[in-house]
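Coordinate inspection notes
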Amino acid sequence: MEQTHTSQSGAATTTPGAQRRVLVVEDDTTIVDAIAARLRAEGFLVQTASDGPAAVDTAEAWQPDLLILDIMLPGFDGLEVCRRVQAQRPVPVLMLTARDDETDMLVGLGVGADDYMTKPFSMRELAARVHVLLRRVERAAVAASTPRSGILRLGELEIDHAQRRVRVKAEDVHLTPTEFDLLVCLANTPRAVLSREQLLAEVWDWADASGTRTVDSHIKALRRKIGAERIRTVHGVGYALETPNP
């Protein structure tokens, strides 16, 4: 296992990722070295692990701010790593997969991953996704410390902004931070159709249309949790949150 620190110069502290800890879990040394180098250049503190058990142990000991996690790992796979790490403490997870397999993506989102990338990917895009995930955590912390009055009720769907909780038919529904933000984005303009590009920009701060499949996968995961009938697909356009008739 390797630990990489930013330099002691003042320049490192001015970068967006200064002092943030990222654990990279990947058994391909070429890929992990490239990711670590890019994140080091962005000002992050980096540790790496190459198998499932080492990843869980390092996450528990080091308390990273974010995980970059490959699905296929020795020991046990990235899905199991994600389950165990999220059981210790909530942490944003960016999953990597070598297969463009929607099932893998949905399962990853279901065990607590926040986003995914399919190999091969550009290091520029990966760095951008890392910054987006960390900004989302910061926004969530601000929202949690700034209570909003009341609970948004859309029929049997309730959204508590202050506690970042969702209930369907009075039953709590566990959503990942990304899923919650996506639902809130749709709920802000119920019945209005939002394009994939709009959702990508609002929820992920990502303006590149190449990420629209990420939106689709998160919508599918969200439907499984709150009910498929609550999110309408407008083919060729985007999605809308359905609400009961007044």
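Please read all numbers here as calculations on a predicted model, not as lab measurements. (Residues numbered from 1 in each chain as written. Predicted model: local features only at pLDDT ≥ 70, side-chain atom pairs only at ≥ 80, totals over all residues. Heavy atoms only, no water.)

Describing the pairing of strand S3 (residues 45-49)
The condition is simple: Whether a residue is buried, partly exposed or exposed follows from its accessible area with a 1.4 Å probe, protein chains only, as a fraction of its type maximum: under 20%, in between, or over 50%, in that order. Each helix corresponds to a stretch of at least 4 residues labelled H or I by DSSP, and each strand to a stretch of at least 2 residues labelled E; elements are numbered beginning at the N terminus. Here a strand pair is declared whenever DSSP counts at least two bridges between the two strands. With its strands directed away from the observer, a crossover is right-handed exactly when the path from the first strand over the helix to the second travels clockwise.
Extensive coverage of S3 is indicated by the burial of five of its five residues. Side chains Leu45, Gln47 and Ala49 project from S3 onto one buried face, and the interleaved Val46 and Thr48 project onto a second face that is buried too. Bridge count between strand S2 (residues 21-25) and S3: five bridges; the pairing is parallel. Within the sheet, the bridge partner assigned to Val25 lies in S3 and is Ala49. You can see the chain leave S2, run along helix H1 (residues 29-41) and come back into S3, and the turn it takes is right-handed.

Details of the environment of Ile31
Rules: The criterion used for residue contact is that any of the two residues' heavy atoms lie within 4.5 Å.
Following the sequence through the fold, Ile31 ends up in helix H1. Take Ile31: its relative accessible area is 19%, and that puts it in the buried class. Put simply, Ile31 and Met123 are 92 residues apart on the chain and 9.9 Å apart in space, counted from C-alpha to C-alpha. Sequence-distant contacts of Ile31, that is, excluding residues within four places in its chain, are made with Glu26, Lys119 and Met123.

With respect to the packing of helix H7 (residues 196-204) against helix H8 (residues 212-226)
Definition in use: To obtain each axis, a line is fitted to C-alpha atoms, and for helices this fit is confined to the stretch in contact; angles are then taken between N-to-C directions over 0 to 180 degrees. Angle categories are assigned with fixed cut-offs, so that under 35 degrees is roughly parallel, over 145 is roughly antiparallel, 65 to 115 is roughly perpendicular, and the rest are oblique. Here the term charged refers only to Asp, Glu, Lys and Arg, the term nonpolar to Ala, Val, Leu, Ile, Met, Phe, Trp, Tyr, Cys and Pro, and the term polar to all other amino acids, Gly among them.
With their axes 9 Å apart at the nearest point, H7 and H8 run at an angle of 85° to one another. Put simply, H7 runs roughly perpendicular to H8. For the pair H7 and H8, contact is made by Arg196, Glu197, Leu199, Leu200 and Trp204 and by Thr212, Thr214, Val215, Asp216 and His218, respectively. A class-by-class count of the residues in the contact of H7 with H8 yields four nonpolar, three polar and three charged.

Focus: helix H6 (residues 177-187)
When you tally the buried positions in H6, you get ten out of eleven residues, the bulk of the element. Every buried residue belonging to H6 is among Thr178, Glu179, Phe180, Asp181, Leu182, Leu183, Val184, Cys185, Leu186 and Ala187, and all of these are buried.

A short note on the packing of aromatic side chains
Put simply, the test is: A pair of aromatic rings is counted whenever rings of Phe, Tyr or Trp (Trp by its six-membered ring) have centres within 6.5 Å, and the orientation is called stacked for planes under 30 degrees apart, edge-to-face for over 60 and tilted otherwise. Both a distance and an angle decide whether a charge sits over a ring: NZ of Lys or CZ of Arg must be within 6 Å of the ring centre and within 35 degrees of the ring normal.
Summed over all chains, the structure comprises zero aromatic pairs. Between Arg84 and the ring centre of Phe76, over which it is positioned, the NZ or CZ distance is 4.2 Å.

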